[in-house]
Protein chains: 2
Amino acid sequence: MPEFRNDNELQKALRGAGLRPTRQRMALAELLFGQGDRHLTAETLHEEAQRNAVSVSLATVYNTLHQFTEAGLLREVAIEGSKTYFDTNTSDHCHFFLEREGTLEDISPEAIDFNRLPEPPAGMKISRVDVLVRLVEQD
Amino acid sequence: MPEFRNDNELQKALRGAGLRPTRQRMALAELLFGQGDRHLTAETLHEEAQRNAVSVSLATVYNTLHQFTEAGLLREVAIEGSKTYFDTNTSDHCHFFLEREGTLEDISPEAIDFNRLPEPPAGMKISRVDVLVRLVEQD
DNA sequence: ATTTGTGCAAATCGTTTGCATCTGA
DNA sequence: TCAGATGCAAACGATTTGCACAAAT
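Residues numbered from 1 in each chain as written. Chains lettered and ligands numbered in written order. Predicted model: local features only at pLDDT ≥ 70, side-chain atom pairs only at ≥ 80, totals over all residues. Heavy atoms only, no water.

Chemist: Teacher, can you tell me more about the pattern of salt bridges here?
Modeler: Close approach of charged atoms lets side chains of opposite charge pair. Residues and elements named next belong to chain A. Tallied over the entire structure, the rule returns 16 salt bridges over all chains. Notably, a salt bridge pairs E80 with R134, separated by 3.0 Å at the nearest N-O pair. Separated by 54 residues along the polypeptide, E80 in the loop between strand 2 (75–77) and strand 3 (85–87) and R134 in strand 7 (residues 124–137) bring together distant segments of the chain. For R134, a relative accessible area of 2% corresponds to the buried category. (Salt bridge = Lys/Arg side-chain N within 4 Å of Asp/Glu carboxyl O. Helix = DSSP H or I, 4+ residues; strand = E, 2+ residues; numbered from the N terminus. Buried < 20%, exposed > 50% of the residue type's maximum accessible area, 1.4 Å probe, protein only.)

Chemist: I keep staring at the interface of chain A and chain B and nothing clicks. Help me out?
Modeler: One frequently used descriptor of interface size is the decrease in accessible area upon assembly of the parts. Contact residues are listed per partner, giving 37 residues for chain A and 37 residues for chain B. Here chain A packs against chain B, burying approximately 3500 Å² in sum over the two surfaces, 55% of which is carbon and sulfur. It is M124(A), K125(A) and R134(A) that lose the most area in chain A upon contact with chain B, and together they represent 17% of the buried surface on that side. Joining chain A to chain B, the criterion identifies six salt bridges. For D130(B), the salt bridge identified is with R134(A), shortest N-O distance 2.7 Å. Across the contact surface, chain A and chain B share 23 residue pairs in polar contact (both at pLDDT 80 or more). At the level of elements, strand 4 (94–98), strand 6 (113–116) and strand 7 of chain A are the ones that each hand at least two residues to the side of chain A that touches chain B. Counting residues per element, the side of chain A that touches chain B draws most heavily on strand 7 of chain A, which supplies 14 residues. Of the residues assigned to the side of chain A that touches chain B, the class counts are 20 nonpolar, four polar and 13 charged. As paired strands, strand 6 of chain A and strand 6 (residues 113–116) of chain B are joined by three bridges and run antiparallel to one another. (Contact = heavy atoms within 4.5 Å. Buried area = accessible area lost by both parts, 1.4 Å probe. Polar contact = N/O pair within 3.5 Å; in protein donor to acceptor, adjacent residues only side chain to side chain. Nonpolar A, V, L, I, M, F, W, Y, C, P; charged D, E, K, R; others polar. Pairing = 2+ DSSP bridges.)

Chemist: Sorry, what's going on with the relation of the copies chain A and chain B here?
Modeler: One copy of the chain maps onto the second through a rotation about an axis and a displacement along it. At an RMSD of 0.2 Å, chain A and chain B line up after a rotation of 179 degrees and a shift of 0.0 Å along the axis. The transformation relating the two chain copies, once decomposed into turn and shift, fits a two-fold axis. An overlap of 100% is found between the interface residues of chain A and their copies at the interface of chain B, pointing to a shared contact surface. (Least-squares fit on C-alpha atoms with pLDDT ≥ 70 in both.)

Chemist: Just to check I follow, could you spell out the sheet that holds strand 3 of chain A for this structure?
Modeler: Hydrogen bonds along the backbone pair up the strands of a sheet, which may run parallel or antiparallel. Residues and elements named next belong to chain A. Taken in spatial order, the three strands line up as 1-3-2 in an open sheet, and their pairing is antiparallel. Each edge of the sheet is formed by a strand with only one pairing partner; in this case those strands are strand 1 (39–40) and strand 2. Bridging between strand 2 and strand 3 involves three bridges; their strand directions are antiparallel. Paired with V77 across the bridge in strand 3 is Y85.

Laid out in structure tokens, this is it:
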């Protein structure tokens, strides 16, 4: 859950990841990390950038999201369907998925607890456990 | 986990789902349900059909997979990335995902056990819990 | 005969890429 | 200066759709 108080910290974070703190990356990072935890797609972020008079191409948004993900600043969330979601909360946690709206919400890590996890097959190890709790309207 | 001993049972199942037992649907159903639990994509199934001299168009494979899913004969599995996977095992279970190969394996239901599940927000209920255990080679 | 399904090719959607241009160190 | 970034438009892969034809009831 990266947290940045000012542009200097942000610049340092980008530099630390081997990324030049360009105008576009700084602007996107501010949108991404400036308002708590968020779940968004490339399109969402692109639109938001335009609304905020930040001029970035969609291609750059994609590039940036992937670079930030590699740098550990974002996490990809696997949902069925076409779009890729990015989560600004990179800590270990699960998600609610509102099926009607197609949106994600974090679940606090304490709210889910495993009794047992399966043994990985020989030669393999668990890299991550994704849990998606699907929600629908109550009938 | 649908199980069909012969074409008659299969026909009945399709009819029960409001689907005409056409040549193509019967052939695809045999491929899908004739050999235990499977995880496949539209392309996979299409190729397999061609290898078995079953002539179906890719569009029909897509249609059929979705119709079978709606009918409860298949289950979609959410993986990140482009392709959609279908699982012939419709019972409640989790998956291993082999990241290197991009393939799925069932996990026996007993191997995973939740201590606690989160309370759904007001007015919502849990429709399903998807668990994906990601595996990588041991280092 | 009427309804439903099929195949093909074109259309769509999200995403990626090639390449010329620009920018930050 | 010059590697690295950006933007645009074209390319792409998976999936969907429109429509004429074929098959099932």
